[in-house]
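Chain and residue survey
Letter by letter, the chains look like this.
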Amino acid sequence: MGEYLLTLVLTLVIEAGVAAAFGYRDRLALRTVVLVNLMTHPLLNAVLWWGDLTGLFPMTLLTILFLEGVVVLVEWGLLAFVFQTRFVRLFALSFSMNAASFLTGVVLLWP
């Protein structure tokens, strides 16, 4: 559980930082990024855990990248729903946030 909380906190900090770098610095924007991640991060990790536990799908880099791609699309949709504008920019934001947090996790936490 401690490792999961570490990954969650890292994800929130990194993705909020990327959002701020994109110019989304106000309270609504940062709160939205945090809330979106509080929805997708536990779900992604539960799917990865369940898939590994049941052997339903292999725990490979390709599987993880596919699921990260799904997360990018879901977060993009949630951000677009909240902000109702700049859809291409929001996709770039979602992709960048997830790429930054994924790559940080690979560097710091990958076994």
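Being a predicted model, the structure only gives us computed values, none of them experimental.

Brief notes about the packing of aromatic side chains
Applying the stated rule across the entire model yields two aromatic pairs. When the ring of tyrosine 24 is compared with that of phenylalanine 83, the centres are 5.7 Å apart and the planes differ by 40 degrees; the resulting orientation is tilted. With tyrosine 24 in the loop between helix H1 (2-21) and helix H2 (27-54) and phenylalanine 83 in helix H3 (residues 61-83), the pair connects residues that are 59 residues apart, well separated along the chain. On the basis of an interplanar angle of 75 degrees and a centroid distance of 5.0 Å, the ring pair of tryptophan 76 and phenylalanine 91 is categorised as edge-to-face. Here tryptophan 76 is found in helix H3, whereas its partner phenylalanine 91 is found in helix H4 (residues 87-109), with 15 residues between them in sequence. Since its relative accessible area comes to 29%, tryptophan 76 is described here as partly exposed.

Quick notes on the nonpolar core
Ala19, Tyr24, Leu79, Leu90, Leu93 and Met97 are the most contacted members of the largest nonpolar core, which totals 13 residues. Among the elements of the structure, H1, H2, H3 and H4 are those that each provide at least two residues to this core. If near-sequence neighbours (up to four positions away) are discounted, leucine 90 is found in contact with Tyr24, Trp76, Leu79, Ala80, Phe83 and Thr85. Core analysis: the next-biggest nonpolar cluster, separate from the first, contains six residues, Leu44, Leu48, Ile64 and Phe102 among them.

Focus on unusual backbone geometry
Glycine aside, residues mostly have negative phi angles, and peptide bonds mostly take the trans form. Backbone geometry at glutamine 84 places phi at a positive 55 degrees, although glycine is not the residue there. Along the chain, glutamine 84 falls in the loop between H3 and H4. With a relative accessible area of 53%, glutamine 84 lands in the exposed category. In this model, arginine 86 sits at a positive phi of 50 degrees, which is unusual for a non-glycine residue. When you line up the elements, arginine 86 lands in the loop between H3 and H4. Residue class for arginine 86 comes out exposed when judged on its relative accessible area of 53%.

Reading the values: rules and limits
- Residues numbered from 1 in each chain as written.
- Predicted model: local features only at pLDDT ≥ 70, side-chain atom pairs only at ≥ 80, totals over all residues.
- Heavy atoms only, no water.
- Phe/Tyr/Trp six-rings, centres within 6.5 Å; stacked < 30°, edge-to-face > 60°.
- Helix = DSSP H or I, 4+ residues; strand = E, 2+ residues; numbered from the N terminus.
- Buried < 20%, exposed > 50% of the residue type's maximum accessible area, 1.4 Å probe, protein only.
- Core = buried A, V, L, I, M, F, W, Y, C linked by side-chain atoms within 4.5 Å.
- Contact = heavy atoms within 4.5 Å.

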